[in-house]
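# Structural characterization, general
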Amino acid sequence: MRGRIVVAGLAVMAVSGCAAEPEPVAVPPPAPIAVDVAAASSGGACRLLDFAVIEEHLKVRFDVAAASQRGETHTCVVRAGDAILPELTLAVTKASVDKTTFSADVVPDSASKVSGLGQQAYRRTVAASAGHGPVAEVGWLTAEGRLATLEWTSPRGTAKTAVDKVAGELAALGKKVNTRAL
């Protein structure tokens, strides 16, 4: 009797193992999750920028940052998603320049003086050229003797008066950049 029960049990197990495999159920892939990443996560001069602070001053939301370094010069470029322009560039370089040399050799002739930014600062707007609109630039000699520049490159067709206004906002943004942290 025991033998028949064992044989019957083996037969049931063998038959159940031969059953057709169930078809897999197709499950749609999960939706991508958007994650805000800080500009500082790109390293280099990007550590000195914050997307929220940039947006507060320039009224544009950037979400992509890339850093580079060549010798004593650190740079960061920020953009909005897949858009090429506008873009904001920060460059900070070690220098042995005093205020007199900065004024004579660094400040462009067409620049206006900016007060309250570093030891000495300027701002200017450069005319549009092939591929982009006008460029706003703010440059300054930092308290620790570095040269820093913020440049806003606008898309083609942007009015120069609009970029002149951005130059003023760049000066305010420059006051938020802590170059000592580099």
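Look a little higher up for the structure.
Residues numbered from 1 in each chain as written. Predicted model: local features only at pLDDT ≥ 70, side-chain atom pairs only at ≥ 80, totals over all residues. Heavy atoms only, no water.

It is worth spelling out the overall build of the protein chain at this point. Counting its secondary structure elements, the protein chain contains four helices and seven strands. For the protein chain, the succession of helices and strands along the chain, N to C, is α-α-β-β-β-α-β-β-β-β-α. Scored against the burial criterion, the 182 residues of the protein chain give a buried share of 31%. Carbon and sulfur atoms provide 56% of the accessible area of the protein chain, an area that totals close to 11300 Å². (Helix = DSSP H or I, 4+ residues; strand = E, 2+ residues; numbered from the N terminus. Buried < 20%, exposed > 50% of the residue type's maximum accessible area, 1.4 Å probe, protein only. Areas by Shrake-Rupley, 256 points an atom, 1.4 Å probe, with all protein chains shown as cover.)

Right, let's talk about unusual backbone geometry for a bit. Here Leu85 and Pro86 are connected by a cis peptide whose omega angle stands at 5°. Note that Pro86 resides in the loop between strand 2 (73–79) and strand 3 (87–94). Of note, Lys59 is a non-glycine position whose phi angle comes to about 60°, a positive value. Position of Lys59 relative to the elements: it lies in the loop between helix 2 (51–58) and strand 1 (64–70). Exposure remark for Lys59: the relative accessible area of 65% places this residue in the exposed category.

All of the buried residues in helix 2 are Phe51, Ile54, His57 and Leu58. Take helix 2 and look down its axis: the buried residues cluster within an arc of 130°, on one side only. Where helix 2 begins, the side chain of Asp50 points an oxygen toward the backbone nitrogen of Ala52, at a separation of 3.0 Å. Phi turns positive, to about 60°, at Lys59, one or two residues after helix 2. (Arc of directions from axis to C-beta. Polar contact = N/O pair within 3.5 Å; in protein donor to acceptor, adjacent residues only side chain to side chain.)

This brings us to the packing of aromatic side chains. Across all of its chains, the model carries two aromatic pairs by this definition. A centroid spacing of 6.0 Å and a plane angle of 70° characterise the contact between Phe62 and Trp152, whose relative ring orientation is edge-to-face. Here the residue Phe62 occupies a position in the loop between helix 2 and strand 1, and Trp152 occupies one in strand 7 (residues 146–153), the gap between them amounting to 90 residues. Comparing Phe62 with Trp152, the two get one shared label, buried. Aromatic side chains Phe102 and Tyr122 sit 6.2 Å apart centroid to centroid with 40° between the ring planes, which places their arrangement in the tilted category. Residue Phe102 is found in helix 3 (residues 99–106), and its partner Tyr122 is found in strand 5 (residues 120–126); the two are separated by 20 residues along the sequence. (Phe/Tyr/Trp six-rings, centres within 6.5 Å; stacked < 30°, edge-to-face > 60°.)

In this section: the pattern of salt bridges. Within this structure, the stated rule accounts for five salt bridges. A salt bridge links Glu87 to Arg79; the nearest nitrogen and oxygen atoms lie 2.8 Å apart. Residue Glu144 is joined to Arg180 by a salt bridge in which the shortest nitrogen-to-oxygen separation is 3.5 Å. Here Arg180 lies in the segment after helix 4 (160–174) and Glu144 lies in the loop between strand 6 (135–141) and strand 7, a separation of 36 residues in the sequence. Residue class for Arg180 comes out exposed when judged on its relative accessible area of 62%. (Salt bridge = Lys/Arg side-chain N within 4 Å of Asp/Glu carboxyl O.)

Attention now goes to the sheet that holds strand 3. The seven strands lie next to each other as 1-2-3-7-6-5-4, forming an open sheet whose pairing is antiparallel. For this open sheet the edge positions go to strand 1 and strand 4 (112–114), each flanked by a neighbour on one side alone. Ignoring strand direction, the axes of neighbouring strands in this sheet form an average angle of 15°. Lying on the sheet, helix 3 is in contact with strand 5, strand 6 and strand 7; it crosses strand 5 at an angle near 15°. (Pairing = 2+ DSSP bridges. Axes fitted to C-alpha atoms, helices over the stretch in contact; angles between N-to-C directions. Contact = heavy atoms within 4.5 Å.)

Here we come to the state of the cysteines. Tallied over the full model, the rule gives one disulfide. For Cys46, the disulfide goes to Cys76, at an S-S distance of 2.0 Å. One disulfide, between Cys46 and Cys76, carries an S-S torsion of 95° and so falls in the right-handed class. With a gap of 30 residues between them, Cys46 in the loop between helix 1 (2–17) and helix 2 and Cys76 in strand 2 connect regions that are remote in the sequence. Neither residue differs from the other here; Cys46 and Cys76 are each classed as buried. (Disulfide = S-S within 2.5 Å.)

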